[in-house]
Amino acid sequence: MRRLVSPRRQSRGSGHALRRVMGCGSSRCLADPGVEEGIVLPASEPNARGAVHAIRSGKVIAVPTDTIYGFACDACSAEAIKKIYEIKGRQETKPLAICVADVSEIPRFALTEHLPPGLLDSLLPGPVTVVLRRGESSILDKSLNPGVDSIGVRVPDCEFIRCVARGSGCALALTSANVSGQPSSVSPKDFEHLWRHCAFIYDGGELPSGRAGSTVVDLTAAGKYTVIRAGSAREETTEILLRFCLRED
């Protein structure tokens, strides 16, 4: 099956001048209590190790995805999750999605047995959030979205954040890098006033996908789908869902 890949790829270079601290992508830098928060680094493979260490230390980081910039933390750290809500000024009743490195990881966190074989591999990686039931076997901490029996799952078509998720050994809680209710961010400059709340800001340049974010589709019911948010890939997503004989609920 054809895999859905966003046609709007992020640019390699930054379109604006940002304060950068080069060569600080290692855990050595994070272990130094004198290092200030809000350090901007390139979203490159050498810096992924430092991002993983920050996640494991309960920090919040800002990262590019295949759609917009997001705040990420350990999905099993109640304190880190609380900090994301505080940074965004977001109501804690509004759930967070998670990001995992690979489609094969999704059954660790949500129920997928009711889905047609190959569906998730056709949708992901890509600019899509699939909403699935958590189920009793999910390894997600109960502190993430308490009282909600479903979870939005992302596998972005962005190697940096997938590398960080893979290195963390768990899932990342992921939400847009902005104050709740404000426009989404397509460059680090858009949320510069929030840098100080993050351990690191990873700069992947200005993202050309616009501010629509991912397409959110509810796949909790067998044989059905519901588009919760049109996002940046509704048409491509709907085509794939119909090809797998799912009907709109």
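In case you missed it, the structure is sitting above this.
Below you will find a few notes about this structure. Note that the coordinates shown come from a computational prediction; the quantities given were computed from them, not determined experimentally.

Pairing in this open sheet of 11 strands is mixed, and the strands run S1-S8-S2-S3-S7-S4-S6-S5-S9-S10-S11 from one edge to the other. Sheet topology places strand S1 (39-42) and strand S11 (247-248) at the edges, where each strand pairs with a single neighbour. As judged from the 2 bridges shared by strand S10 (residues 224-229) and S11, these two strands associate in the parallel manner. Across the sheet, lysine 224 pairs through a bridge with arginine 247, a residue of S11. Helix-sheet contacts for helix H3 (residues 78-88) involve strand S3 (69-74) and strand S7 (172-176), and the interaxial angle to S3 is about 150°.

On to the pairing of S3. In terms of burial, S3 is largely enclosed, as 6 of its 6 residues are buried. Of the strand pairs in this sheet, strand S2 (residues 61-64) and S3 are connected by 4 bridges, and their pairing is antiparallel. Bridge pairing links valine 63 to glycine 70 in S3. Here S3 pairs with S7 via 5 bridges, running antiparallel. Paired with alanine 72 across the strands is leucine 174, a residue of S7.

What counts, and at which threshold
- Along each chain, numbering runs from 1 in the same order as the chain's sequence is written.
- Note on the predicted model: pLDDT of at least 70 is required for a residue's local features to be given, and 80 or more for side-chain atom pairs to be given and counted; whole-chain, interface and lining totals, by contrast, use all residues.
- Excluding hydrogens and water, the side-chain values take into account all heavy atoms of the structure.
- DSSP-based pairing: two strands are paired if at least 2 bridges between them are found.
- Secondary structure is summarised from DSSP: a helix means a run of H or I of at least four residues, a strand means a run of E of at least two, and numbering begins at the N terminus for each.
- Between two residues, a contact is recorded if the distance between any of their heavy atoms is within 4.5 Å.
- Angles run from 0 to 180 degrees between N-to-C directions of axes, and those axes are lines fitted to C-alpha atoms, restricted for helices to the stretch in contact.
- Each residue's exposure class comes from its accessible area (1.4 Å probe, protein chains only) as a fraction of the maximum for that residue type: buried when under 20%, exposed when over 50%, partly exposed otherwise.

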